[in-house]
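# Chains, contacts and geometry: an overview
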Amino acid sequence: MKNWLLYSAILVLVSACTSSSFFSVEEGNTFIVIDENPSDVALLAAHELQHFIHESADIEVPIVNKVPSKEAKLFCVGKSVCTSEWDTIRFAPQEYLIKISPDKVVLLGQDENSGSDDGRDNNGITPWKDRIKVNYSQLIGDTTRQVELVLPSIYDAQGTCYAVYDFLEKYMGVRFYGPHPLNVVAPRSMKLHFPVTETRRAPQLKYRGGTYSFDWPMMKDQYFQPSGEMYQLFLRRIKFGGEKWAANHSFTAYQDRFLKQNSQHQDLFESYHPEYFAHGRTGGAQERQFCYTNPAFIQQVSQDARDYFDGKPLKGSQIALGDYFAVVPLDNANWCRCPECQKQLALDKNNIRGEHFNCGTATHYLWTFVNRVAQEVKKTHPDKKIASLAYHVYAYCPKDMQLEDNISVAICLHPRNYWAPKMKENEMDLYEDWIKESKSSGRRLYLWNYLCFPTERGLIQGFNVFPGFSIHPLSEQVKKYVQDGIRGIFLCGIGEQLDFYATMKLYDDSSIDIDRLVDEFFSLYFGKASKPMHDFYNKIEAVYTNPANYPIEVQTCEAQFHQTEEIAWKYLGTDSVMSELEGYMDEALGLADTPEVRARVQSWYDGVWQYMKEGKEKYMKSNAQK
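These numbers come from a predicted model, not from an experiment. (Residues numbered from 1 in each chain as written. Predicted model: local features only at pLDDT ≥ 70, side-chain atom pairs only at ≥ 80, totals over all residues. Heavy atoms only, no water.)

A few words on the sheet that holds strand E20 (residues 488–491). Pairing in this open sheet of eight strands is mixed, and the strands run E14-E13-E20-E19-E18-E17-E16-E15 from one edge to the other. The open sheet terminates on both sides in strands that have one partner only, identified here as strand E14 (241–242) and strand E15 (320–321). Both strand E18 (residues 407–413) and strand E19 (residues 445–449) contribute to a ladder of five bridges, which runs parallel. Of the residues in E19, the one forming a bridge with leucine 413 is asparagine 449. Together, strand E17 (385–390) and E18 form the strand contacts of helix H9 (residues 363–380), whose direction differs from that of E17 by roughly 170 degrees. (Pairing = 2+ DSSP bridges. Helix = DSSP H or I, 4+ residues; strand = E, 2+ residues; numbered from the N terminus. Contact = heavy atoms within 4.5 Å. Axes fitted to C-alpha atoms, helices over the stretch in contact; angles between N-to-C directions.)

What follows deals with the packing of helix H15 (residues 530–545) against helix H18 (residues 575–591). Relative to each other, H15 and H18 sit at 160 degrees, their axes nearing to 8 Å. With respect to their mutual orientation, H15 and H18 come out roughly antiparallel. For the pair H15 and H18, the crossing hand works out as left-handed. For the pair formed by H15 and H18, the contact residues are Pro532, Met533, Asp535, Phe536, Lys539, Ile540 and Val543 on the first element and Val577, Glu580, Leu581, Tyr584, Met585, Glu587, Ala588 and Leu591 on the second. A breakdown of the residues in the contact of H15 with H18 according to their chemical character gives 11 nonpolar, no polar and four charged. (Parallel < 35°, antiparallel > 145°, perpendicular 65-115°, else oblique. Left-handed = near helix turned anticlockwise from the far one by under 90°. Nonpolar A, V, L, I, M, F, W, Y, C, P; charged D, E, K, R; others polar.)

Let's shift gears to the environment of glycine 284. Considering the arrangement of structural elements, one finds glycine 284 in the loop between helix H6 (254–258) and helix H7 (295–309). For the pair glycine 284 and threonine 252, spaced 32 residues apart in sequence, the C-alpha to C-alpha distance is 8.8 Å.

All right, on to helix H10 (residues 421–441) then. Between its first and last C-alpha atoms H10 spans 30 Å; for 21 residues at 1.5 Å apiece the expected length is 30 Å, and the two agree. Residues of H10 that are buried include every one of Met423, Asn426, Glu427, Met428, Leu430, Tyr431, Trp434, Ile435, Glu437 and Ser438, and no others. Turning to H10, the residues buried within the fold contact H9, E17, E18, E19 and helix H12 (471–483). Glycine 442 sits one or two positions beyond H10 and adopts a positive phi of about 75 degrees. (Expected span 1.5 Å × (residues − 1). Buried < 20%, exposed > 50% of the residue type's maximum accessible area, 1.4 Å probe, protein only.)

Following the criterion strictly, the structure yields one disulfide and no others. What pairs with cysteine 76 in a disulfide is cysteine 82, and their sulfur atoms sit 2.3 Å apart. Each member of the pair cysteine 76 and cysteine 82 is classed as buried. Residue cysteine 412 stays outside any disulfide, its sulfur separated by 8.7 Å from that of cysteine 492, the closest cysteine. Overall, cysteine 492 belongs to the buried group, its relative accessible area being 14%. (Disulfide = S-S within 2.5 Å.)

Across the sheet, six strands lie side by side as E3-E2-E4-E6-E5-E12; this open sheet has mixed pairing. The two strands at the open ends of the sheet, each matched to only one other strand, are strand E3 (63–64) and strand E12 (197–201). Alignment of strand E5 (residues 96–100) against E12, held across five bridges, turns out to be antiparallel. Residue isoleucine 100 lies in a different strand from E12, and its bridge partner there is threonine 197. The sheet contacts of helix H1 (residues 40–57) involve strand E2 (30–33), E3, strand E4 (73–77) and strand E6 (104–109), and relative to E4 the element is tilted by about 140 degrees. Of the strands in this sheet, E4, E5, E6 and E12 are in contact with helix H3 (residues 159–172), which crosses E5 at around 45 degrees.

What follows deals with the environment of aspartate 142. Among the structural elements, aspartate 142 can be located in the loop between helix H2 (136–140) and strand E8 (148–150). The exposure class of aspartate 142 is buried, given its relative accessible area of 16%. Distance in space between the C-alpha atoms of aspartate 142 and histidine 51 is 9.3 Å, their sequence separation being 91 residues. Within the structure, aspartate 142 has its side chain in polar contact with the side chain of threonine 144 (distance 2.5 Å). (Polar contact = N/O pair within 3.5 Å; in protein donor to acceptor, adjacent residues only side chain to side chain.)

Turning our attention to the packing of aromatic side chains. Counted under the stated rule, the structure contains 67 aromatic pairs. One aromatic cluster in this structure is built from Phe251, Tyr254, Phe258, Tyr276, Phe277, Phe290, Tyr292, Phe297, Trp335, Tyr365 and Phe369. Its guanidinium or amino end placed over the ring of phenylalanine 23, lysine 73 lies 5.3 Å from that ring's centre, counting from NZ or CZ. In this structure, arginine 257 packs its charged tip against the face of tyrosine 254, placed 5.0 Å from the ring centre. (Phe/Tyr/Trp six-rings, centres within 6.5 Å; stacked < 30°, edge-to-face > 60°. Lys NZ or Arg CZ within 6 Å of the ring centre and 35° of its normal.)

Now the structure itself:
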């Protein structure tokens, strides 16, 4: 079995060491020092460090704001009296420092927020509302005291927390495999010794966010159905969030503002402007598009962006965060039928490869609109960004027009559907076009990755999917994204337990050896049951990601594909595959030898295996009745 320690620097048990090469935790003489007026970030970081030192070695390290004595061993968390030599340090955004010396461990980072505290992300989260007060003692299972803490927003500067979490993982072997205490691994040790070293770094991807799908099938059981507060602490522990950025469909409030007054949102109505809306079309707030060539509409959108950048509140369901204001059409292709719009749409009539969802049949039409808004906003706010998506019929990069440099683009990709080879080819081709354009223009590129599939497709169509385990090909994608200079990724759906954990670790550091990380997960998390559980995952991943297991049309057709019930249980979850998986799960249940391991194996049995069995049985029963 490979070494289950991911980082070679981890050193918890050392039988012989010298005082000059290690920091040793001494019970009664080691303290966590914070500022007299600590920030919420420093307080959370200090309590997390204190908790896991106690979990690991049963040593109680007090949190103080003064150095007790010259001989004391110190953990310096955030800026305080014991970090004066670092007062002049200038950290980059999200950067942090871990410095271990024989008598002091400095855990310090960029904690100072800058810019607006308003705005709204793709999930509707506003930073100042995202600072959540929690009963920390309850979350960690400490019944001896009552500690309440305020969690920083996922968009707050929290370099000191990043430093502590990195320290806990690299030097104490702590692993955050989920939000529930049973998902956390904290190795036990008689003594704690840490090698003298210094690290200064920041996460590689500056934005690391997404939608929350914790209560979806598989996930809710793997995570032991935790409380909302547990989820929120978990997100901070895995560095979810980061840079303030957002881009999503952003015009659903326009009908309430400019077409007719909505009795539920009367205050939104401003004036009557039917000319803003798509000619020859009808529909509700999320259906009726706009006349994207109309000068008055372009001016209105531009003014909305200026208002936000000037500090005014967002109107309705607008999306904007930090230096980014989202300009993204509604999620349909019901385009305006006026002569000018139709003229622009005609330019891209054949700009499509086969029948792919991501294509370019509205590329000139919509990127011309975004460009005009960006040009207007640039006149007054040259340092701000118009955030848009390369999505659906405007996914292709416009090759014969110059986009403004104040436009950021998020390319929408389906990496979990790359078992359809032509779909992967189409998306990688459009991706490379955007990468080439960004390198010549200096454009900031983000991604919108659909990790919601196949589970979301099953939820919509009412069937249990064959799980989309696919961390090995996903890791290769992430490494490529980082190499190509992608700035951040929005996850549309977060994936299952291991896939989500590994994805977030790769976003932080893409150089991680994914095989070692996966081996470590099964060894640490499942103990003596690790091999059959590892085999269980590997089998599902191998079946799911191999194009040869899919129908011939999936392997050869130029089109977008999603998993169907037939694909799930006729082509993937065959009788022989299900029999093999059942054998691994039965073996794992028999090998589970501690309460924690039994609970963890059971969580996969209930959340994954039972879910798969139900899906197979439902399909077979339905097929037999035909």
